[in-house]
Amino acid sequence: MARLGNSTATIQFQDILGQNRPDLSSYEELYKHFHQNPEISTLEENTSTKIESRLRSISPHGELDIRTKIGGHGLIAICKNGSGPTVLLRADMDGMPVSEKTGLSYASSKTQKDDLDGQVKQVMHACGHDFHITSLLAAAETMLAARKVWSGTVIFLFQPAEERGSGARDMVNDGLYDPNRHACPVPDICMAQHVYPELAGSVQTKFGPFFSAADSYRITIYGSGGHGSMPHRCIDPVVVACHVVIRFQTIVSREIPPDETAVITVGSIQSGDTVNVISDEAILQVNIRSVSEKWRKTILDSIKRIVDGECGISRCPKPATIEKLNDYPLTDNDEEATERIEESFVRYFSHCHGTIDKALLASEDFSHLATAVGKPYVYWTFGGIDRETWDMHDKANTLDQISVNHSPFFKPAIQPTLQTGVDALVVAALTYVGTGSHR
Ligand SMILES: [Zn+2]
Ligand SMILES: [Zn+2]
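An unreviewed UniProt entry lists the protein chain under the name Peptidase M20 dimerisation domain-containing protein, from Gomphillus americanus.

Put into structure tokens, the structure is as follows:
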């Protein structure tokens, strides 16, 4: 039996992929199916069922141990293949409430009732999670076909509700790793990827912080309402809220070092209903992005200090309430693991591999799957923009005008994006699984 050597340098990724990657045309059709049938976070029931049926069809003799309904519609497929490291590969699978405007023949016209507000909404895979699902399914088929050349355990994990920042934590809290519940083997390493507005066929890696942490809060400031003509007998929460918003602007500019990255955005401010009434409360919704735990904590402490201070000097009748709406952890790539993956990507993708210099101020909840069990993780991106579009924008110096994730016009090319997503997952997994004798 052919076995991989101890050093990743001896692994022939090209050969293994060439001999074991399935014909991707059926996966291109599957991608279109997912693209046309997106489901909002926590409502991914049909997506989950479709994934399960594909996993069963590629393992007709039970080669994959499939467990479903984890933390909602999450599921895992475990491929145990002898002794060796355990690798977890994760794909998120939710769409989002965006009305697709790509004009593609396989564009989504789906609607769904959002359980957050009961409204029926247009739904689109505007973040490209349909690529993540399809890539991971094809990677599973490839790893199954290549079983003779690797040894270890690979877990294919499909996560719901990434866009709400809750899915990974929900899976963990539902007993993903609990031996008496879903009994997912504890991985030695977790990996995930995201399709990104870079040239299709390319992959990008980064050491250290990859995505910012994100924290969202609802702040309710209590005033004392009354007639608009008698401000002296009221405490106007609108004025207090305005001071709070302006004062927030000093956190990043005056309390965070200039070479650190952080953003504070008050995305919503609401108070009162009419012109001649001073209302009795104001509600702010604030979103905070940061790329280090130290400065994240500083910002959150400052938010509270400023709100309490402004309410105090304004004589508010009671302290403001600060409620957490959601939070995303920092995605902070493990140095050693990133080095190993990057080395493999450089060899396999050659000049199509690139690096990212600065942390991206988007956020991800994937790292919960690794930090819940104290394990390292690596995250990378792969490009989705077709060569023609890319070259046109490159020539016109308008690359920053290419539609990005969450845009109703986000339109990754099916190929070579899909194959790149599959190959990146397989190469990364093969970097870790081996004869069982190596690290
Ligand atoms: Zn997204
Ligand atoms: Zn996403």
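Additional details are given in the paragraphs that follow.
What am I meant to see in the layout of surface pockets here?
To find the voids left in a structure, one rolls a probe of water-molecule size over its atoms. One number sums up the size of the largest pocket: a volume of about 880 Å³. Considering the residues around the largest pocket, the lining is formed by 29 residues, among which E163, R164, R289, Y328 and H406 are closest to the centre. Considering each element in turn, the lining of the largest pocket owes the most residues, three residues, to strand β15 (residues 321–328). Domain assignment of the residues forming the lining of the largest pocket places at least three in each of domain 1 (8–212 + 330–432) and domain 2 (213–328). Reported here for the second largest pocket is a volume of approximately 220 Å³. E198, Q204, T355, I356 and D357 are, among the 14 residues lining the second largest pocket, the residues nearest its centre.

Before we go on, may I ask you to explain a negative patch on the surface in this structure?
A surface patch of negative charge is lined by D332, E335, E339 and E343. Of the residues forming the negative patch, the biggest block, three residues, is contributed by helix α8 (residues 335–349). Classification of D332 as partly exposed rests on a relative accessible area of 33%.

Could you clarify how one ought to interpret the sheet that holds strand β7 (residues 189–199) in this entry?
Strand pairing in a sheet is mediated by backbone hydrogen bonds. Such pairs are either parallel or antiparallel. The eight strands lie next to each other as β1-β2-β6-β3-β7-β18-β8-β17, forming an open sheet whose pairing is mixed. The sheet is open, and its two edges are formed by β1 (65–70) and β17 (353–355), each paired on a single side. Taking the axes of each pair of neighbouring strands and ignoring which way they run, one obtains an average angle of 25° across the sheet. This element, helix α3 (residues 45–58), spans β1, β2 (74–81) and β6 (152–159) of the sheet and lies at about 15° to β2.

Would you mind showing me how to read the packing of aromatic side chains here?
To describe a pair of aromatic rings, one takes the distance between the centres and the angle between the planes. In the structure shown here, the tally under the stated rule is 10 aromatic pairs. When the ring of F210 is compared with that of F211, the centres are 5.0 Å apart and the planes differ by 65°; the resulting orientation is edge-to-face. Taken as a pair, F210 and F211 share a single burial class, namely buried. Positioned above the aromatic ring of Y27, the side-chain terminus of R54 is 4.6 Å from the ring centre.

I would appreciate a short explanation of the coordination of the zinc ion (ligand 1) in the present structure.
In an ideal tetrahedron of four donors about a metal, each angle is 109.5 degrees. In an ideal octahedron of six donors, the angles are 90 or 180 degrees. Here the zinc ion (ligand 1) is held by the protein donor atoms C127 (SG), E163 (OE), E163 (OE) and H406 (NE2), which lie 2.0 to 2.8 Å from it. Between the zinc ion (ligand 1) and the zinc ion (ligand 2) the interatomic distance amounts to 3.1 Å, and C127 serves as a bridging ligand to the pair. In this pair, C127 is assigned in the loop between β5 (120–122) and α4 (129–145) and H406 in the loop between α10 (387–395) and α11 (417–432), connecting sequence segments 279 residues apart.

Honestly, the environment of L17 in this entry has me stumped. Any pointers?
Looking at where L17 falls in the secondary structure, it is placed in helix α1 (residues 13–20). The spacing of L17 and V427 is 410 residues in sequence and 8.4 Å in space, taken between C-alpha atoms. Here L17 is in contact with T142, Y348, D423, V426 and V427, once residues within four sequence places are set aside.

Hey, could you run me through the UniProt feature "domain: Peptidase M20 dimerisation" (unreviewed entry) in the protein chain in this one?
In the numbering used here, UniProt assigns the "domain: Peptidase M20 dimerisation" (unreviewed entry) feature to residues 216–309. End-to-end, the C-alpha atoms of residues 216–309 are 20 Å apart, and along that stretch the chain is 38% helix and 32% strand.

Before we go on, may I ask you to explain the UniProt feature "binding site: Mn(2+)" (unreviewed entry) in the protein chain in this structure?
Summarizing the sequence annotation, UniProt attributes the feature "binding site: Mn(2+)" (unreviewed entry) to C127, H129, E163, H194 and H393 in the numbering used throughout. Considering the C-alpha atoms alone, the annotated residues occupy 267 residues of sequence and remain spread out, their largest mutual distance being 28.8 Å. Of the residues named above, C127, E163 and H194 line the largest pocket. Looking at where H129 falls in the secondary structure, it is placed in helix α4. In this structure the side chain of H129 is engaged in a polar contact, spanning 3.0 Å, whose partner is the backbone oxygen of D94. Relative to the helices and strands, E163 resides in the loop between β6 and α5 (167–173). For E163, a relative accessible area of 19% translates into the label buried. What E163 contacts, discounting residues up to four positions off in sequence, is S41, D94, G95, M96, C127, H129, Y328 and H406.

Explain the packing of α8 against α11 to me, please; I cannot follow it from the model alone.
Any two packed helices are characterised by the angle at which their axes cross and by the distance between the axes. Viewed as axis vectors pointing N to C, α8 and α11 meet at an angle of 125°, and their least axial separation amounts to 9 Å. Comparing the axis directions of α8 and α11 gives the class oblique. Crossing handedness for the pair α8 and α11: right-handed. Contacts between α8 and α11 involve A337, R340, I341, S344, F345, Y348 and F349 on the former and, on the latter, T420, D423, A424, V427, A428, T431 and Y432.

Parameters and conventions
Residues numbered from 1 in each chain as written. Chains lettered and ligands numbered in written order. Predicted model: local features only at pLDDT ≥ 70, side-chain atom pairs only at ≥ 80, totals over all residues. Heavy atoms only, no water. 1 Å grid on protein atoms, 1.4 Å probe; cavity = no way out; pocket = protein on both sides within 12 Å on 5 of 7 lines; lining within 4 Å. Points joined across faces, edges and corners; volume = space filled by probe spheres on them. Helix = DSSP H or I, 4+ residues; strand = E, 2+ residues; numbered from the N terminus. Domains from an automatic or database assignment. Patch = residues over 30% accessible without salt bridge, like charges linked within 9 Å, V, L, I, M, F, W, Y side chains within 5 Å. Areas by Shrake-Rupley, 256 points an atom, 1.4 Å probe, with all protein chains shown as cover. Salt bridge = Lys/Arg side-chain N within 4 Å of Asp/Glu carboxyl O. Lys, Arg positive; Asp, Glu negative; His and termini not counted. Charge placed at Lys NZ, Arg CZ, Asp CG, Glu CD. Buried < 20%, exposed > 50% of the residue type's maximum accessible area, 1.4 Å probe, protein only. Pairing = 2+ DSSP bridges. Axes fitted to C-alpha atoms, helices over the stretch in contact; angles between N-to-C directions. Contact = heavy atoms within 4.5 Å. Phe/Tyr/Trp six-rings, centres within 6.5 Å; stacked < 30°, edge-to-face > 60°. Lys NZ or Arg CZ within 6 Å of the ring centre and 35° of its normal. Donors = N, O, S within 2.8 Å, 3.2 Å for Na, K, Ca; no water. UniProt positions renumbered as here; feature names shortened; annotations may be inferred. Polar contact = N/O pair within 3.5 Å; in protein donor to acceptor, adjacent residues only side chain to side chain. Parallel < 35°, antiparallel > 145°, perpendicular 65-115°, else oblique. Left-handed = near helix turned anticlockwise from the far one by under 90°.

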